[in-house]
Each structure stands twice: as structure tokens, then as C-alpha cells.
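Here is how the chains run, residue by residue.
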Amino acid sequence: VTECKNTMDQESISRYSRQLIMPEIGVQGQQALLRSSALVIGAGGLGCPVIQYLTAAGLGRIGIVDYDEVELSNLHRQILHTEAKVKSGTHKATSAADAATALNSKIKIDQHHLQLDRDNVLEIVQRYDVVIDATDNVPSRYLISDACVLLNKPLISGSALRWEGQLTIYHYKAPDEENYGPCYRCLYPNPPAPETVTNCSDGGVLGVVPGIIGCLQALEAVKIMIGVSPSYHKKLLVFDGLVGMFRSIKIRGFQESCVVCGKNPTISKDSLPDYEKFCGMAAADKCITIKL
Amino acid sequence: VTECKNTMDQESISRYSRQLIMPEIGVQGQQALLRSSALVIGAGGLGCPVIQYLTAAGLGRIGIVDYDEVELSNLHRQILHTEAKVKSGTHKATSAADAATALNSKIKIDQHHLQLDRDNVLEIVQRYDVVIDATDNVPSRYLISDACVLLNKPLISGSALRWEGQLTIYHYKAPDEENYGPCYRCLYPNPPAPETVTNCSDGGVLGVVPGIIGCLQALEAVKIMIGVSPSYHKKLLVFDGLVGMFRSIKIRGFQESCVVCGKNPTISKDSLPDYEKFCGMAAADKCITIKL
Amino acid sequence: MALTVILEFLGGAEFLFGHVKHHTVSIEKGENKLNISQLLMWIKENLLQERLELFMQGCTVRPGILVLVNDVDWSLLGELTYEIEENDRITFISTLHGG
Amino acid sequence: MALTVILEFLGGAEFLFGHVKHHTVSIEKGENKLNISQLLMWIKENLLQERLELFMQGCTVRPGILVLVNDVDWSLLGELTYEIEENDRITFISTLHGG
Ligand SMILES: [Zn+2]
Ligand SMILES: [Zn+2]
């Protein structure tokens, strides 16, 4: 403890004591967390547990992106929000920030009340060390992945629907690796047809399923920040809550043919495409099909 | 919706709409949840996410057992509590109940500010349909398991330490099964020697690890309540967050030799033993060894 | 000669196959090998119950479905040309986007 | 003749084995079978680095350690008398109590 005093205040030592004593964390790991920043995109079913556990773990700074307001139908899974915030029509980013601050007032929280698009994504993403995709729609997933490749940020991507969840890390490279893992486009060079996409509004979701995936996203973020290898780099975790199945799938590395992370990229910081048009869908968990 | 109106108020339909539309839940499943009750024993690292997601899902009644007060060193993982509750020295059961009520004021919450022991356990456990063991010590685990066997309640047991977590369901029987699954004593007829037990105070725990296990406990509780087979009946889930490993292990059924659920039980409602003496340990996450 | 293959449909892809996630099938293939391209044709003719366009596009799976051979991305194994072996487990996972 | 066995120590049991969770070992057994009882003696003599009492009690594992054979509780397989086969994975899991 004498040694800790030099580098971390007494309150932090007390607050983080249970993780400080773990050999893989220690004072050094805790300081790495306190110096790190994460951007959580979406303060919904996935984003709430991510924000909650990253705040508790003691990150330096967390950015929260969401343009929506809290609604009653959110509360069955978006557990940082409250009935009071529904009544006051509070923005989700504010509501989540309030809850995070109550838990740990030392964390700096940036609220971004906006919809990410090709005009603002780079400016926002570049301010953070790790990006967490907790969105609910296809165009946002392409947008965020492209931005992370172009700005060289690891992206922890989660999704959930009905009883199932998926998680993987995009555009990550371990210190001893030569090449990056895949980006979202490496796995999905072409967007799915709108009629094949089911969202939570029409497919439903059991609230605790994004809870589990969000917790795992937070865990992977912490590991990256303290210098421990993440577990779902070039792997996809597939979870089926109805049968309690977890499967870890070996996926491809980056693809030379990829238009953003490949050998001859056609997408650059100056030429981000129109993502809603590319996908033929709106960047929202709504049943809107964009006419091309 | 017309059909729903007869059986569930408009606010509930709106609040639970995303899970109502899932075929395995529907109006019937939601009503089953609204009629169900759960006892969450421990409002700590495991109990917080359990309470959070069961509250969000719309249970009828949740009992919370904890005799402790909120401390600063809890906040890295016990995410229902806040800095304000640390300052006011609020009981954990009250703090957790306040957070749950803010999320869903329709849920009836019973606060039990007490340490469960052989004198009070039966009276409390008998009031609930499903029991969740979210405690942190060996004597409590034997006590709760014995009570669940004697009162015939399914027990969803979770534990976490460092990067690892474990989860299983004790004393459960599917409608088509003849025999119950094991109880805690079937797996562990003899308690571990005190010097072999590491708790979170001296081993540490990464906060999001009990988060993941707690979420999975809530998921299993929901499944039991809506009549879907739980996944970890006669199975033990073993999670290692450091390497991202989930493993489902096939475990024994009930043991004929078991002193509580076996053929010739010696433990009955009138003869619960002294659990601290039996284990040689205090029922607390502290380094106290009871002298025998 | 027949080949036993385990087919799995996950992430919602099972809705196109009578809501059944796991199928063990026996495919008559004579003396020839069977690759995934041929397996897709077999699935189309024998298993797919409705709305082909939600599963296939042209001669391959539609965008948004990942194909796995024994839990390995088919992209690492030759995609359509991978030759299926006895008891291989071929999984089709629909990608989730919700959150 | 030697038998290859995969040994795993989880839940903290690895601390007694140099903090290594996975060991692949080759055990000389002559023409005889090797059961778990004999494996425990082999572990005690060849692998255990310290504090025997934290792993064993008498001739078996101490209370609070579960033993698995290929992810199945040894209680379903004869416990100490189970005869180990080539490439079996024997796992020792220390039970966790924290929360
Ligand atoms: Zn790429
Ligand atoms: Zn028993």
C-alpha cells in the first residue's frame, strides 16, 4: 500500500482494491484504465451494461453517443434509464451519463446527442482509444467500422436479438502480429437486403441477452486497455440464451480485397459513402426502407 | 393488442412489448413473470445484475437479502449502488431496492436486512418461487441449498472470483423427469478446509465477471418462470474471462447418499445444523476462521 | 454412397427451416465428392421450405449469412469449393444487428 | 507404454501447478491400465509443486475440487476407478464461492 500511495490516491486504492490485487491488473493496470478512454455508441440494451461496468472499473473518460430519448419500451432491457427519465423525456446519453456519474463521479463522461454520420464520425471517434459498437442497425455498423479502420481504433462489436447474441472485435492487432484482424466489411462486403434484417422492434429481444453481450464487450475493452489479449480477436462469440450455448468461431483475418482495410482501399477519410443509401436502410431500429 | 387489453394493462403492454412479441414469451409468459417471485440472496456483485434484469423483465415480487451496508470498495462491481449510498451508509438491500424501484415501480420489493441463518431461512425462502444464491461464502451456500431442498424450491447458484465464474441450478426437476438434479451437498458433501477457500477480499475479482454470471442467473430464472427448460440443470457452466472460455459440464444427479435430498436424509426442517460450525468459517466474505 | 452431414441454422436462419436449428441429414452422392456449392443446391431442393431469397442469392448464400465448417469460417477453407467430409458440421448463421 | 493425458487446473487450482492451467503429459504405465487414483499419485509425485493439502486429502482430491473427464463429472464415471484413455482430458476445478 505504501508503494501505491505514490501513484494513486487513497480513495482510488480503496475503491478499486478488489481488482488492484489481481496480478493481471495491479496498480499499473488500474492506472492504464484511468488513462484510457472509450466511445460507447448507443446507450441502449448493449450500451447500458457497457457504460455501467466501464464506469465501475475506473476508466478515465467515456463518450456516449445517442440521439434518442428514453421511452417506456426501453426499460425492459436498458437498465441505466429510469421511469423518471421516461417522464421527463431525457436524452439517453444524458440519462446514462447521470447514472454513470452517480456510480463513479471521477469518470469524465462526454455526452454526444447526435446520430453518427459520415460528416461527424471521424471527429468523434478520433478522441477515444477503444470504440464499442452498441448500435442497433446495419448502416451504423458499416459507418463505425470504416471510421475505426481509418483512425486505427479497435472496435468491440456486439449485437443481440430475441434469445441470441454475437460479439467480435474488429480491426485489432496484437503487438506480435503482422496483420490486423478483419473489419466489418471483410466479413460482410455487401449489406444484407433490407427484407432480411430483423431488428429488436419487430423480432423482440429478452432484456438480459444484450445484458450478457454488453458485459462481455466491457470485459474485452478492459482487457485491451490493460494489455491483456482480447479473446474475440479473429473469433466470433455466438450465444444462444434459449439453450445456454456459447460458441467461439474462428473467423477470417483482414481481406486483401476489402475496400477499406484491404490492399487497394477505395474508401478514405475524405470519401466516406452515404451509408443509408449503401444499405438501403435507415440508421435506426425502425422498419424504414430507403428508396434508392 | 385488443386481445392483450383484456389481460394486461396498456402500460405493461408498452413496457414489455419487445419481449411480449417473442413467441416463447408472449402475453402468457409475461403474465407468468408478473405472477412470479424470486429471492435474491446477496445484493453484491452477482445480486446487483440479477435484481436489475429481473426487475426490468417484470417479475411480480423480488426479495432482497443483505445485512451489509454499501462501501466504496463495492462500487467497482456492485453497480446498483452509488457514491451517495456509500456516504449515507445505506443498507445494500435498501440501496438495491431504491434502484430497482426507479427502474420499475410496479415490482414489489421485499427488503430483508438480515443475515440468513438456520432460524430464519425457512420462513423467508418459503415465500418465493425461485431462489438465487448470490452470496460470497461457504456456510451460506450450504444453508441456502438445504433450505431449498426442504422447501422444494429451484436454486440458481452463481459464484465469481478473479476472472472466473461458475453457475449451476440445484434441486430442479423438469416436468418430465422422475428425479431432481443435485443439491449443493450432492456435489460437495464435505466443506472445503478454510485455508483452501479464497474470497473476493483476498483473491480479488474483476467487476464485470460477476456481472456476466449474474446476468446468466437472471436469464435462467426467467426461463424457469415462463416454463422454458433452464440450461444449467445437471450442468455446470464454467467461465474464464481471461481467455474468454465458456464450458458446460455434465454433472451428477441427486445422490442417494445425500444427507438432505437423498434416500435417508438426516437433515430436516427441524434439525438444520450450525452452518458456520459445520464449515469452520464465518458466513461472510472475511478472513475469519471459526474455532471449533 | 451417402454422406452424413450436420446442418445448423442459427441467428434466425432457422425460421426458414421449420424453426429447427439442428438437422442431421444423409446425402446421396454416389462415388463423387460433395462440396458446399453442391450442398447448397441440395438444401435448396430438399430442406428449404420457403422464401429462397432470404437464404440464397445466385449460387451462394445471401449477404449477412456466415457459413462455418466445424466452427471455422468457410472463408478460411475455400468457401463454395470446400469438400465436405463425413460428420462435418456446417453452420449457417444469420448476422444480428439489434442491440 | 506411455499414455498421453491432458490435465487442466481451473478455478484457482492452477496456482498449485506453477499457474499453468493446461498441461499435456505423457505417463509411463507399462502394459497396465491407469486409473484416476493412480493418476493422482503421479500428479503428486511429478507435477505438484507445493502444499499437497491444498490439492489432496488422503488418497483423493480435497473437498471443494470437482474432477471431470472430458467435461463429465467423474462421479458419473466411477470416480477414482475410471480408467484413463489416450488423450483424455482430466480437469480439476476448484469451486468458487465469491460473489
Ligand atoms: Zn476490411
Ligand atoms: Zn443432495
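As annotated in an unreviewed UniProt entry, chain C carries the name Ubiquitin-related modifier 1 homolog and is attributed to Clavelina lepadiformis. UniProt's Subcellular location (unreviewed entry) comment on chain C is quoted here verbatim: "Cytoplasm". Its UniProt record gives chain C a comment under Pathway (unreviewed entry), which states: "tRNA modification; 5-methoxycarbonylmethyl-2-thiouridine-tRNA biosynthesis."

**Overview of the interface of chain D and chain B**
If you look at the interface, chain D gives 29 residues, while chain B gives 37 residues. Taking both partners together, chain D and chain B bury about 2,600 Å²; carbon and sulfur atoms supply 56% of that area. For the pair chain D and chain B, the interface holds four salt bridges. Between B:R252 and D:D73 there is a salt bridge, and its shortest N-O distance comes to 2.6 Å.

**What to know about the coordination of the zinc ion (ligand 2)**
Summarising the metal site, the zinc ion (ligand 2) is bound by the protein donors B:C183 (SG), B:C186 (SG), B:C258 (SG) and B:C261 (SG), whose distances to it range over 2.3 Å. Of note is the zinc ion (ligand 2), whose four donor atoms meet at the metal with angles of 89 to 119° in an arrangement that counts as tetrahedral.

**Focus on the interface of chain A and chain B**
Between chain A and chain B, the residue contacts involve 62 residues of the former and 62 residues of the latter. For the pair chain A and chain B, the summed buried area comes to about 5,000 Å², and 64% of that belongs to carbon and sulfur atoms. At the boundary of chain A with chain B, the tally comes to two salt bridges. Measuring nitrogen to oxygen at the nearest pair gives 2.4 Å for the salt bridge that ties A:E83 to B:R15. Counting every contact that joins chain A to chain B gives 22 residue pairs in polar contact (both at pLDDT 80 or more). For the side of chain A that touches chain B, the secondary-structure elements that each account for two or more residues are α2 (10-15), α3 (17-20), α5 (47-57), α7 (92-103), α11 (200-203), α12 (208-226) and β7 (235-240) of chain A. Looking at which element gives the most residues to the side of chain A that touches chain B, the answer is α12(A), with ten residues. Broken down by class, the residue content of the side of chain A that touches chain B amounts to 32 nonpolar, 20 polar and ten charged.

**Re helix α1 (residues 36-46) of chain C**
One turn of an α-helix holds 3.6 residues; hence residues three or four places apart share an orientation. Taken together, the buried positions of α1(C) are C:I36, C:L39, C:L40, C:W42 and C:I43. For α1(C), the buried positions fall inside an angular range of 160° around the axis, keeping them on one side.

**As for the coordination of the zinc ion (ligand 1)**
All names here are of chain A. Protein coordination of the zinc ion (ligand 1) is provided by C183 (SG), C186 (SG), C258 (SG) and C261 (SG), with donor distances spanning 2.2 to 2.3 Å. Between the four donor atoms coordinating the zinc ion (ligand 1), the angles at the centre fall across 89 to 118°, so the site counts as tetrahedral. Mapping the donors of the zinc ion (ligand 1) onto the primary sequence yields the spacing C-x2-C-x71-C-x2-C. Highlighted residues: C186 in helix α10 (residues 184-187) and C258 in the loop between β8 (245-250) and α13 (275-279), separated in sequence by 72 residues.

**Observations regarding the UniProt feature "modified residue: 1-thioglycine" (unreviewed entry) in chain C**
UniProt tags C:G99 as "modified residue: 1-thioglycine" (unreviewed entry). Within the element layout of this structure, C:G99 appears in the segment after β7 (89-94). Once you skip the residues sitting within four places of it in the chain, C:G99 turns out to touch A:G45, A:L46, A:R77, A:T135, A:D136, A:A160 and A:C200.

**Here's the deal with unusual backbone geometry**
Notably, B:R162 is not glycine yet its phi reads approximately 50°, a positive angle. Mapped onto the fold, B:R162 is located in the loop between β5 (155-161) and β6 (164-170). Located in the positive-phi region is C:N70, a residue other than glycine, with phi close to 50°. When its relative accessible area of 38% is taken as the criterion, C:N70 is described as partly exposed.

**Notes on the pairing of strand β1 (residues 37-41) of chain A**
Residues and elements named next belong to chain A. Burial analysis of β1 places five of its five residues in the buried class, the great majority of the element. Every second residue of β1 is oriented toward a common face, with S37, L39 and I41 on one face and A38 and V40 on the other, all of them buried. With five bridges connecting them, β1 and strand β2 (residues 61-65) associate as parallel partners. Its bridge partner lying in β2, S37 is registered against R61. Note that the unit made of β1, α5 and β2 has a crossover that is right-handed. Bridging between β1 and strand β4 (residues 130-133) involves four bridges; their strand directions are parallel. For V40, the partnering residue across the bridge sits in β4 and is I132.

**A look at the confidence of the model for chain A**
Residues and elements named next belong to chain A. Of the residues in chain A, 95% have a pLDDT of 70 or more, and the chain-wide mean is 94. Here residues 1-6 is a poorly scored stretch, pLDDT under 50, and it has four contacts once near neighbours within four places are set aside; other chains count. The low-confidence segment residues 287-292, where pLDDT is below 50, has twelve contacts with residues more than four positions distant or belonging to other chains.

**Describing the packing of aromatic side chains**
Each pair of aromatic rings is reported with the distance of its centres and the angle of its planes. All chains considered together, the criterion is met by 21 aromatic pairs over all chains. Seen from their ring centres, A:Y170 and A:Y184 are 5.7 Å apart, and the 85° between their planes marks the pair as edge-to-face. Of this pair, A:Y170 sits in strand β6 (residues 164-170) while A:Y184 sits in helix α10; the two residues are 14 residues apart in sequence, bridging distant segments of the chain. For the pair A:Y170 and A:Y184, one class covers both residues: buried. Ring plane angle 15° and centroid distance 3.8 Å describe the contact between D:F9 and D:F17, whose orientation is recorded as stacked. One aromatic cluster is present, built from ring pairs that chain together A:Y142, A:Y170, A:Y184, A:Y188 and A:F278. A cation sits over an aromatic face here: A:R61 above A:Y128, 4.7 Å from the ring centre. Over the ring of B:F278 we find B:R185, and its NZ or CZ is 4.8 Å from the ring centre.

**A few points about the relation of the copies chain A and chain B**
Overlaying chain A on chain B yields an RMSD of 0.0 Å, the required transformation being a rotation through 180° with an accompanying axial translation of 0.0 Å. Within this description, the copies of the chain are treated as partners about a two-fold rotation axis. Identified as the residue of chain A closest to the rotation axis by C-alpha distance is A:I212, at 2.8 Å. A shared interface surface links the copies, since 100% of the contact residues of chain A are contact residues in chain B too.

Conventions we followed
Position numbers for residues start from 1 in each chain and track the written sequence from start to end. Chains carry letters and ligands carry numbers; both start at the beginning, A for chains and 1 for ligands, and go up in the order they are written. Predicted model: local features are reported for residues with pLDDT of at least 70 only, side-chain atom pairs are reported and counted for 80 or more only, and whole-chain, interface and lining totals are derived from all residues. Neither water nor hydrogens contribute to the side-chain values; these are computed over all heavy atoms in the structure. UniProt positions are given in the numbering used here, feature names are shortened, and annotations may be inferred rather than shown by experiment. Here, residues are in contact when the closest pair of their heavy atoms is within 4.5 Å. What counts as buried area is the accessible surface, traced by a 1.4 Å probe, that two parts surrender upon association, with contributions from both included. Any Lys or Arg side-chain nitrogen found within 4 Å of a carboxyl oxygen on Asp or Glu counts as a salt bridge. The rule for donors is simple: an N, O or S atom within 2.8 Å of the metal counts, and for Na, K and Ca the reach is 3.2 Å. Water is not among the atoms, so a site may look short of donors. Think of it this way: with four donors and all angles in the 85 to 135 degree range, the site is tetrahedral; with four or six donors, opposite ones beyond 155 degrees and the rest between 65 and 115, it is square planar or octahedral; otherwise it is irregular. Here a polar contact is taken to be a pair of N or O atoms separated by no more than 3.5 Å, where protein atoms must pair a possible hydrogen donor with a possible acceptor and residues adjacent in sequence count only if both atoms sit in side chains. Every helix listed is a DSSP run of H or I at least four residues long, and every strand listed is a run of E at least two residues long, numbered separately from the N terminus. Gly falls in the polar group here, along with every residue not listed as nonpolar (Ala, Val, Leu, Ile, Met, Phe, Trp, Tyr, Cys, Pro) or charged (Asp, Glu, Lys, Arg). When a residue's accessible area, from a 1.4 Å probe over protein chains only, is under 20% of the maximum for its type it is buried; when over 50% it is exposed; and in between it is partly exposed. Taken from the helix axis, the directions to the C-beta atoms give the arc we talk about. In this description, strands pair whenever DSSP reports at least two bridges between them. Seen with its strands pointing away from the viewer, a crossover is right-handed if its path from the first strand over the helix to the second goes clockwise. Confidence scores labelled pLDDT are given residue by residue by the predictor and lie between 0 and 100. Aromatic rings from Phe, Tyr and Trp, with only the six-membered ring used for Trp, were paired whenever their centres fell within 6.5 Å, and each pair was classed as stacked if the ring planes differed by under 30 degrees, edge-to-face if by over 60, and tilted otherwise. Put simply, a charge is over a ring when the Lys NZ or the Arg CZ is close to the ring centre, within 6 Å, and near the line of the ring normal, within 35 degrees. When the copies are superposed, the least-squares fit draws on C-alpha atoms of residues that have pLDDT of at least 70 in both.

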